[in-house]
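# Fold and contact review
Each chain, written out:
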6 protein chains.
Amino acid sequence: MSDPFFHPVSGFDLPRFAGVPTFMRLPHVPPDHPRFAEVEVGLIGLPWDGGTTNRPGPRHGPRQLRDASTMIRAANGVSWVRPFEAMACADLGDVGPNPADLMDSMDRVTRFYQAVVAAGIVPLTAGGDHLCSLPILRAVAASGPVGMVHFDSHTDLFDTYFGGTRFTHGTPFRRAVEEGLLDPTRVVQIGIRGSAYDTEDRDFARSVGIRIIPMEEVWARGIPDVMAEARAIAGSGPTYLSYDIDFVDPAFAPGTGTPEIGGPNSWQALEVVRELAGLNIVGADLVEVSPPFDNTGGTAYLGASIMFEILCAMAQGRNG
Amino acid sequence: MSDPFFHPVSGFDLPRFAGVPTFMRLPHVPPDHPRFAEVEVGLIGLPWDGGTTNRPGPRHGPRQLRDASTMIRAANGVSWVRPFEAMACADLGDVGPNPADLMDSMDRVTRFYQAVVAAGIVPLTAGGDHLCSLPILRAVAASGPVGMVHFDSHTDLFDTYFGGTRFTHGTPFRRAVEEGLLDPTRVVQIGIRGSAYDTEDRDFARSVGIRIIPMEEVWARGIPDVMAEARAIAGSGPTYLSYDIDFVDPAFAPGTGTPEIGGPNSWQALEVVRELAGLNIVGADLVEVSPPFDNTGGTAYLGASIMFEILCAMAQGRNG
Amino acid sequence: MSDPFFHPVSGFDLPRFAGVPTFMRLPHVPPDHPRFAEVEVGLIGLPWDGGTTNRPGPRHGPRQLRDASTMIRAANGVSWVRPFEAMACADLGDVGPNPADLMDSMDRVTRFYQAVVAAGIVPLTAGGDHLCSLPILRAVAASGPVGMVHFDSHTDLFDTYFGGTRFTHGTPFRRAVEEGLLDPTRVVQIGIRGSAYDTEDRDFARSVGIRIIPMEEVWARGIPDVMAEARAIAGSGPTYLSYDIDFVDPAFAPGTGTPEIGGPNSWQALEVVRELAGLNIVGADLVEVSPPFDNTGGTAYLGASIMFEILCAMAQGRNG
Amino acid sequence: MSDPFFHPVSGFDLPRFAGVPTFMRLPHVPPDHPRFAEVEVGLIGLPWDGGTTNRPGPRHGPRQLRDASTMIRAANGVSWVRPFEAMACADLGDVGPNPADLMDSMDRVTRFYQAVVAAGIVPLTAGGDHLCSLPILRAVAASGPVGMVHFDSHTDLFDTYFGGTRFTHGTPFRRAVEEGLLDPTRVVQIGIRGSAYDTEDRDFARSVGIRIIPMEEVWARGIPDVMAEARAIAGSGPTYLSYDIDFVDPAFAPGTGTPEIGGPNSWQALEVVRELAGLNIVGADLVEVSPPFDNTGGTAYLGASIMFEILCAMAQGRNG
Amino acid sequence: MSDPFFHPVSGFDLPRFAGVPTFMRLPHVPPDHPRFAEVEVGLIGLPWDGGTTNRPGPRHGPRQLRDASTMIRAANGVSWVRPFEAMACADLGDVGPNPADLMDSMDRVTRFYQAVVAAGIVPLTAGGDHLCSLPILRAVAASGPVGMVHFDSHTDLFDTYFGGTRFTHGTPFRRAVEEGLLDPTRVVQIGIRGSAYDTEDRDFARSVGIRIIPMEEVWARGIPDVMAEARAIAGSGPTYLSYDIDFVDPAFAPGTGTPEIGGPNSWQALEVVRELAGLNIVGADLVEVSPPFDNTGGTAYLGASIMFEILCAMAQGRNG
Amino acid sequence: MSDPFFHPVSGFDLPRFAGVPTFMRLPHVPPDHPRFAEVEVGLIGLPWDGGTTNRPGPRHGPRQLRDASTMIRAANGVSWVRPFEAMACADLGDVGPNPADLMDSMDRVTRFYQAVVAAGIVPLTAGGDHLCSLPILRAVAASGPVGMVHFDSHTDLFDTYFGGTRFTHGTPFRRAVEEGLLDPTRVVQIGIRGSAYDTEDRDFARSVGIRIIPMEEVWARGIPDVMAEARAIAGSGPTYLSYDIDFVDPAFAPGTGTPEIGGPNSWQALEVVRELAGLNIVGADLVEVSPPFDNTGGTAYLGASIMFEILCAMAQGRNG
């Protein structure tokens with residue numbers, strides 16, 4: 001489709017620093033907008049970090065990601081995919097969270113995404129911390145468990161924190177498996193590294209069939225080989241893509257709350273997404289961008305570039 | 001007037017960090033919007049610093065000012081004026097400049113403001129450097145010279161720079177006087193200070209009747225006395241208000257390109273505007289906020305607060 | 001008392017940048033330490049910002065305040081009080097919060113302070129956001145309502161946020177009055193300013209007898225006069241002192257989540273505390289220092305200096 | 001040649017932070033200096049960013065590059081070339097631009113370089129934005145078109161911006177080809193990447209015979225292979241070297257206005273220059289270093305190191 | 001005198017960001033320069049912080065002060081003194097210290113200043129930490145003790161640190177009195193404040209007749225009254241002026257190693273110097289500017305402005 | 001051994017930002033602590049940068065490293081070594097230096113380490129600049145020369161600076177060889193790069209048998225091969241491990257005084273240490289972390305991670 005309404009404003013026409021910033025300079029089409037039903041892929045801000053156990057800040061992520069995303073242009077310079085011509089994309093605005101009530105916030109998020117899914121819109125979310133993925137999955141996987149390709153330096157498969165707390169940014173996928181939102185045999189986690197509390201998360205993964213590819217294996221095998229395995233695990237079924245910016249090395253992405261050294265560089269950060277072309281992506285998120293720690297703004301630009309690469313993968317899956 | 005359409009989103013409903021940022025969380029009503037004609041005061045971004053002779057950056061001002069202005073609430077805590085209930089305010093968006101062509105940019109600016117003025121909208125501009133005031137005045141003062149209250153540490157009355165260059169952020173008001181846009185006998189400049197090239201600007205001011213109140217005089221007489229004189233100079237005729245953020249001491253407003261020490265503090269920065277209640281303000285600007293040098297974001301918040309105080313003064317002038 | 005165990009390490013002996021940092025280089029005496037019972041004033045870190053509605057960060061406050069407080073020396077340069085000789089002071093360590101569970105965190109805080117109060121120790125807390133004051137007051141005012149001198153740019157007397165949420169950093173003192181922890185007729189709030197949502201908080205204050213001294217009144221009357229009134233309101237009964245760093249102008253204290261321009265400078269920030277000498281202070285806190293926004297570290301040093309000035313006021317009250 | 005006058009001050013004699021900073025601590029030999037005629041390679045500051053379409057700042061580049069270059073020592077640690085013994089190098093000072101007049105600035109630049117070229121001095125320029133290369137080439141290629149090795153993430157081959165503007169930092173080499181300053185068949189552009197407006201620039205390149213080596217090809221083939229091709233393209237004729245710092249990944253070079261992720265690391269940033277030894281380099285520039293965005297100063301040091309590596313390549317070309 | 005050679009480059013001719021930076025854009029006239037003997041006031045960089053007991057950094061002061069001083073213009077905007085027309089001023093370059101040998105550095109400094117004094121040049125030094133003043137005074141006061149006006153938050157009159165160390169930035173004036181370089185009855189210290197180790201320094205001051213005016217006294221009496229006393233103390237004899245940037249409040253001057261809250265603002269920072277017009281100033285320094293902690297560059301600009309104000313006071317003393 | 005006293009506090013129990021920070025949240029066991037004799041590996045802070053010839057700051061390293069090390073967990077995610085279960089580790093506190101007296105500081109350091117070595121504790125030091133290694137080696141190698149694996153971008157083998165100064169951070173290993181503390185035939189230096197003063201250091205290395213592996217050789221051969229050679233050189237004898245953070249590329253470790261581009265990434269930074277498992281490590285240091293230049297805190301976290309990796313290597317050597 002190619003309705004000009006859904007095309008971004010070009011930097012040849014309006015300088016990148018000008019204009020009210022929306023994601024990738026797309027039209028702002030909140031749920032009450034008359035053209036909401038036409039949207040095929042909805043970019044959504046989820047400014048919520050209620051599950052953060054260490055350094056907060058991702059609540060400020062969507063605003064900074066919108067700002068940085070004004071640098072994104074029309075075509076992918078490697079694959080030459082033009083996502084905004086292939087799919088009607090729009091900025092659906094932000095979900096309003098309740099910063100002082102975790103359970104209330106999760107409910108608000110799920111309700112918003114239920115409306116998005118009901119409209120047939122594929123959501124691409126800018127978080128927020130990683131707990132965001134859980135209430136999103138409750139909407140996206142309402143009709144049955146989905147597979148997941150998950151880039152991260154942590155498994156986020158822990159059971160509880162601080163003596164029994166079940167909902168933090170370290171537990172979303174443990175809950176998602178328990179709630180039947182994820183098909184663990186179609187889940188792969190890539191890039192896990194850093195010092196470990198214990199092996200409880202990995203024992204759980206093994207027990208339910210989640211495949212963990214630690215970072216040393218990525219370095220040893222190379223990205224094409226690892227991603228071929230990831231595609232095979234996800235298969236052709238509906239698949240969620242969850243990208244924690246701390247997957248990337250903190251030299252390239254310092255603006256995050258729980259950085260872990262030893263990750264991929266920024267070229268590899270995009271390459272892994274490019275390798276997902278053809279998957280049946282039913283939703284995606286880019287989480288844990290934390291502006292208070294992003295002193296050059298580079299993390300936000302990297303995040304926006306990853307979001308663009310995800311759009312290109314979605315466009316290719318749609319065409320495939 | 002009190003149409004809820006023109007009311008800002010409250011921080012009790014949506015957290016301040018959420019949502020696509022517009023000035024003070026007002027509705028985004030660009031010239032092609034169906035309700036444009038209803039707007040009474042239009043907040044406009046002018047992201048242009050083509051006249052900057054030293055450190056550039058104000059082109060990034062409008063975006064940061066929108067972000068910071070999400071902290072502004074409904075009522076003035078001193079005067080208890082509620083500007084958004086008193087006047088239909090909206091964010092008219094940005095004027096798109098041409099960063100590589102100074103004269104083209106000035107034309108674009110003037111054309112935009114001509115449309116605003118034609119619609120009967122009073123413009124409140126977020127710059128941009130101080131050269132912005134000139135193409136705005138060409139529209140605002142199209143039907144005759146206006147008075148001006150000007151807060152700054154520099155007179156911006158120089159003739160030329162670099163061997164004959166007539167348009168820089170140090171010359172707008174020299175040009176405005178020459179072009180008959182300002183009535184110099186109704187112009188007052190407050191806060192001038194710092195080391196000086198020479199006295200050429202002050203000689204010009206004296207020759208045409210502009211009143212300069214240097215900073216040492218402000219310190220000596222106090223703000224109420226100085227502002228009483230300023231009100232008397234501006235009188236009851238149409239008056240433009242131009243506020244260069246470098247009027248304020250750089251400890252309070254570091255984010256600017258030509259800071260000058262020895263200025264007022266942030267309380268005084270608002271107090272001088274509060275003293276303008278009752279004037280017939282036909283346009284206003286807040287210029288020279290430069291985000292690359294605003295490392296805490298405090299300058300932008302101060303700038304947004306000054307813009308709010310200007311709105312309150314406008315509302316009082318309207319009521320008066 | 002003057003047991004050397006309770007004396008800080010001097011910068012003449014160990015450079016300020018050396019050593020494991022405790023508050024003011026005092027001994028670290030957690031509740032299980034053999035000398036806990038000897039402590040008279042306990043400095044406590046409360047790294048919790050679960051009630052923050054806008055920019056988070058105060059959870060990192062205690063660590064940065066400990067670091068900055070290594071600059072504090074033995075004697076007050078104005079009053080020449082030597083608090084560490086007058087009272088047995090110690091760093092009691094941090095209360096461990098639950099960052100993902102607000103109600104659990106409040107319980108943990110109250111339990112910790114009950115033990116402190118039971119040991120006869122006067123607590124001086126380094127927050128944390130302003131919701132911290134509520135669970136502390138539940139311990140400190142367990143035997144009856146206390147008076148309060150409160151420095152802030154906000155009243156923190158709101159009822160609810162986000163559609164019914166009763167516990168945020170904007171509501172602690174509304175709850176404290178409702179719970180009978182504060183005697184509103186002995187409460188004074190100083191420095192209130194900035195734009196306002198509405199007058200609901202002030203209406204409540206008036207209805208229960210809380211005295212609000214807005215910032216414009218502070219500027220007009222001067223600090224000695226205002227503080228004389230404050231002392232009269234608090235009287236001779238047990239009084240809590242709550243100091244939100246955003247009372248101070250953000251040029252002097254940028255490191256906070258909800259800064260408000262127009263506040264006092266750093267000399268005045270200490271002067272207001274010095275004026276409290278003689279009060280019967282049964283507990284105190286310094287809250288809302290947010291290191292992610294404190295880019296020079298100056299806010300932390302100011303905060304540590306305020307804590308020292310509070311210690312001096314306590315010592316004088318004790319002697320009085 | 002080895003006249004001590006042209007040797008840098010050693011860090012063994014004067015600490016690196018001491019002294020008025022010149023490029024690499026070389027003597028300051030402006031055009032009116034008695035020894036100007038003896039200079040063989042002139043390091044020139046071109047503090048001008050008039051062609052910048054997005055984030056300005058490179059006007060501050062020369063000063064920061066001089067400061068950072070005080071860290072450079074006498075010998076190349078890989079090739080052991082000693083450029084300051086091989087060639088009489090000096091800091092020729094800055095070209096004074098006109099920040100408010102683009103065309104005037106271009107004239108000033110060309111005139112300065114005409115004098116440099118007339119004196120037989122090979123210019124090594126520290127920019128400034130990439131439009132700087134055009135007025136330099138007008139002097140350097142006055143007697144006939146030159147070849148060019150160009151490191152960048154963008155082609156800078158666009159035709160116009162903002163509705164017809166022909167001179168921006170995105171157009172210099174389009175103009176240079178049109179003006180006959182470059183022999184397009186001897187031009188190679190290396191490292192191009194990022195999202196694209198369209199293919200207009202690449203279509204132009206193809207039509208005139210410019211070879212573009214996109215970043216994915218660099219990653220696939222490796223630097224030695226790519227640079228062998230680059231040397232073959234440039235051949236033995238007079239060749240200009242233009243190095244945009246945004247060729248390098250922004251983790252290594254954040255201080256630039258239009259960063260693009262996915263670039264080479266800092267070792268590779270030097271390696272590509274080392275591979276140019278033997279070329280007939282008639283001029284070179286290092287552009288787009290933007291101090292306002294270089295928060296660690298690391299971009300400037302990388303830029304200074306690239307300039308040193310260029311000097312070494314020049315020295316080897318001279319010897320070869 | 002008014003030889004154009006000794007006039008600064010104007011910002012109307014060369015933009016402020018262009019050119020190799022010297023102090024105030026004056027000519028660089030090191031001791032071996034042919035016109036050295038004509039200099040009347042020499043601006044000298046002393047990049048040495050060997051006496052720093054806490055946070056180092058002032059060794060980087062001179063370079064940043066030169067950079068910031070390019071903003072200084074020709075005339076004082078309050079007194080309208082034109083120092084560069086009144087006196088032949090030049091940048092004499094930096095004294096090369098030995099960062100790893102304190103005693104060797106002090107010798108190098110004294111030797112440099114002996115040559116300056118021998119040439120009849122009045123030195124205005126940009127430090128460096130406060131220990132710099134001691135080796136300077138050894139040259140300046142070689143022929144007899146001088147008076148001193150000293151702005152600071154610390155007395156720098158301590159005897160020893162760390163078990164007997166006699167030379168630190170906390171001891172220079174104790175040593176200077178002991179060595180007969182200062183006439184203590186003609187010494188006044190203004191702005192002293194902050195928490196204190198003990199009263200040993202003040203006891204010493206009292207015993208030798210040094211007058212300390214603590215900050216609370218400055219606030220109470222006002223600057224004109226305090227400075228009248230200071231002028232009376234210094235009298236008409238040869239007087240040294242020593243200005244520690246931490247005299248100023250850290251909101252205005254964060255870039256220093258031992259900041260102390262509660263100081264004067266930036267207007268007052270200049271006002272105190274203006275009040276010294278007429279004294280017989282035989283040397284002056286501005287010390288403790290520490291760029292690593294000066295994140296906006298504002299401290300350096302304040303420092304450069306103080307240096308300019310000192311030049312104006314010198315020019316008035318000379319005329320008087 | 002596995003006494004819980006020597007186990008770090010878990011982030012599952014106490015959030016990472018809470019608590020008085022010690023190295024890796026280990027118990028604080030200074031020499032006068034009753035359990036000092038039980039410690040097997042002592043983590044020591046050495047906050048001293050007296051030998052720094054350029055940008056100071058490492059004196060602040062230990063405090064920031066303690067803070068960052070609270071992120072370290074119990075097990076190595078690659079080797080699954082659990083050092084805190086394998087060895088009794090503790091934070092021994094800081095050595096108190098004399099910032100204004102280099103020779104006195106060296107004496108203090110050596111005396112502290114003599115006590116540590118006498119207690120049979122293996123020291124792991126957090127510096128401080130690289131001169132720290134010399135006084136440590138005087139204690140560690142008191143009974144005979146040791147081998148050394150040295151990661152750095154500089155050899156630190158120079159003879160003198162500034163006309164004869166023998167003790168700087170550029171000379172420690174020259175002195176250590178001269179004093180018989182190192183067996184040069186068992187010393188390997190890895191990662192050397194950057195521009196060079198001359199070849200005097202390398203000539204010395206060659207003359208005494210020290211093996212230098214420059215960075216280009218590391219890139220060419222790969223880390224496993226290089227480290228196999230390093231292990232062979234060190235052999236089975238007592239070996240010191242010295243790790244200068246500037247070994248790592250400044251994109252990953254900007255917080256250091258003499259950065260050198262072209263170094264390894266953060267994965268490789270740990271990999272080289274992992275390859276040392278099995279060596280007989282009798283002491284180790286991590287030096288030159290300089291917080292004033294570490295604007296994201298990432299250098300400190302990398303440094304803490306290297307210290308953890310060193311502990312793991314020690315644990316494996318002990319088991320081997």
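Residues numbered from 1 in each chain as written. Chains lettered and ligands numbered in written order. Predicted model: local features only at pLDDT ≥ 70, side-chain atom pairs only at ≥ 80, totals over all residues. Heavy atoms only, no water.

## So, the overall build of chain A
- Within chain A one finds 10 helices and 8 strands.
- With the C-alpha coordinates of chain A rotated into their principal frame, the extents come out at 55 × 45 × 40 Å.
- Here chain A holds 320 residues, and 71% of them are scored as buried.
- Accessible area for chain A stands at about 8,300 Å²; split by element, carbon and sulfur atoms hold 52% of it.
- Considering chain A, the positive charge centre built from 24 side chains and the negative charge centre built from 38 side chains are found 3 Å apart. (Helix = DSSP H or I, 4+ residues; strand = E, 2+ residues; numbered from the N terminus. Buried < 20%, exposed > 50% of the residue type's maximum accessible area, 1.4 Å probe, protein only. Areas by Shrake-Rupley, 256 points an atom, 1.4 Å probe, with all protein chains shown as cover. Lys, Arg positive; Asp, Glu negative; His and termini not counted. Charge placed at Lys NZ, Arg CZ, Asp CG, Glu CD.)

## Here we look at helix α6 (residues 200–208) of chain C
All names here are of chain C.
- Along α6, the residues that are buried comprise Asp201, Arg202, Phe204 and Ala205. One side of α6 carries all its buried residues, which in axial view fall inside an arc of 155 degrees. In α6, those exposed residues whose orientation departs by more than 90 degrees from the buried face are Arg206 and Ser207.
- On its buried face, α6 sits against α5 (172–178), β5 (182–192) and β6 (211–214).
- Downstream of α6 by a residue or two, Gly209 has a phi angle that is positive, lying close to 100 degrees. (Arc of directions from axis to C-beta. Contact = heavy atoms within 4.5 Å.)

## Details of the relation of the copies chain D and chain A
- When chain D is fitted onto chain A, the two copies agree to an RMSD of 0.0 Å after a turn of 120 degrees and an axial shift of 0.0 Å. Expressed as a symmetry operation, the mapping of one chain copy onto the other fits a three-fold axis. When each C-alpha of chain D is compared by its distance to the rotation axis, Ala251 of chain D comes out closest, at 3.4 Å.
- With a heterologous cut-off of 20% or less, the 10% of interface residues of chain D that recur at the interface of chain A puts this contact in the heterologous class. (Least-squares fit on C-alpha atoms with pLDDT ≥ 70 in both.)

## Remarks on unusual backbone geometry
All names here are of chain B.
- The omega angle of the peptide bond from Gly127 to Gly128 is 10 degrees, so this bond is cis rather than trans.
- Examined against the element boundaries, Gly128 turns out to sit in the loop between β3 (122–127) and α4 (133–140).
- Backbone geometry places Arg25, a non-glycine residue, at a positive phi of 60 degrees.
- For Arg25, the location among the structural elements is in the segment before β1 (41–46).
- In this structure Arg25 comes out as buried when scored by relative accessible area, which is 7%.

## What to know about the pairing of strand β4 (residues 146–151) of chain C
Residues and elements named next belong to chain C.
- Counting buried positions along β4 gives 6 out of 6 residues, so the element sits mostly inside the fold.
- Alternating positions in β4 separate into two faces, Val146, Met148 and His150 on one and Gly147, Val149 and Phe151 on the other, with burial throughout.
- Summarising the sheet, β4 and β5 pair through 5 bridges and their orientation is parallel. Residue Val146 lies in a different strand from β5, and its bridge partner there is Leu182.
- Assessed by its sense of winding, the connection that carries the chain from β4 through α5 to β5 is right-handed. (Pairing = 2+ DSSP bridges. Right-handed = clockwise from strand over helix to strand, strands pointing away.)

## Structural notes on the UniProt feature "binding site: Mn(2+)" (unreviewed entry) in chain A
Residue and element names in this part refer to chain A.
- Those residues carrying the UniProt feature "binding site: Mn(2+)" (unreviewed entry) are His130, Asp152, His154, Asp156, Asp244 and Asp246 in this numbering. For the annotated residues, spread through 117 residues, the largest C-alpha to C-alpha distance comes to 12.0 Å, consistent with a single compact locus.
- Not counting the four nearest positions on each side in its chain, His130 is found in contact with His150, Asp152, Asp156, His169, Pro172, Phe173, Ser242, Asp244, Asp285, Val287 and Glu288.
- Note on placement: Asp152 falls in the loop between β4 (146–151) and α5 (172–178).
- What Asp152 contacts, discounting residues up to four positions off in sequence, is His130, Ile190, Gly191, Ile192, Asp244, Asp246 and Phe247.
- Separated by 3.1 Å, the side chain of Asp152 and the backbone nitrogen of His154 make a polar contact. (UniProt positions renumbered as here; feature names shortened; annotations may be inferred. Polar contact = N/O pair within 3.5 Å; in protein donor to acceptor, adjacent residues only side chain to side chain.)

## A word on the interface of chain D and chain A
- With 29 residues of chain D at the contact, the number on the chain A side is 28 residues.
- Roughly 2,400 Å² is buried in total at the junction of chain D and chain A, and carbon and sulfur atoms are behind 61% of that figure.
- Among the residues chain D hides against chain A, the three largest losses belong to Ser195, Tyr197 and Ile261 of chain D. Together they make up 29% of the total.
- For the pair chain D and chain A, the interface holds 0 salt bridges.
- At the boundary of chain D and chain A, one finds 8 residue pairs in polar contact (both at pLDDT 80 or more).
- Counting residues per element, the side of chain D that touches chain A draws most heavily on helix α7 (residues 215–221) of chain D, which supplies 3 residues.
- Here the side of chain D that touches chain A is composed, by residue class, of 12 nonpolar, 12 polar and 5 charged. (Buried area = accessible area lost by both parts, 1.4 Å probe. Salt bridge = Lys/Arg side-chain N within 4 Å of Asp/Glu carboxyl O. Nonpolar A, V, L, I, M, F, W, Y, C, P; charged D, E, K, R; others polar.)

## What about the arrangement of the chains?
- The closest approach of any C-alpha atom in chain C to one in chain D is 13 Å; the two make no contact.
- Nothing in chain A touches chain E, and the closest approach of their C-alpha atoms is 13 Å.

## Section: the sheet that holds β4 of chain C
Residues and elements named next belong to chain C.
- Reading across from one edge, β2-β1-β3-β8-β7-β4-β5-β6 is the order of the 8 strands in this open sheet, with parallel pairing throughout. Since the sheet does not close on itself, it has two edges, and those belong to β2 (89–94) and β6, each with one partner. Each neighbouring strand pair of the sheet contributes to a mean axis angle of 15 degrees, computed without reference to strand direction.
- Sheet topology note: the strand β1 (residues 41–46)/β2 ladder contains 5 bridges and is parallel. Paired with Gly45 across the two strands is Asp94, which belongs to β2.
- Along the sheet, helix α1 (residues 61–68) makes contact with β1, β2, β3 (122–127) and β8 (280–287), crossing β3 at roughly 105 degrees. (Axes fitted to C-alpha atoms, helices over the stretch in contact; angles between N-to-C directions.)

## Things to note about the relation of the copies chain B and chain D
- Superposing chain B onto chain D takes a rotation of 180 degrees plus a shift of 0.0 Å along the axis, which leaves an RMSD of 0.0 Å. Those values place the two copies in the arrangement expected of a two-fold rotation axis.

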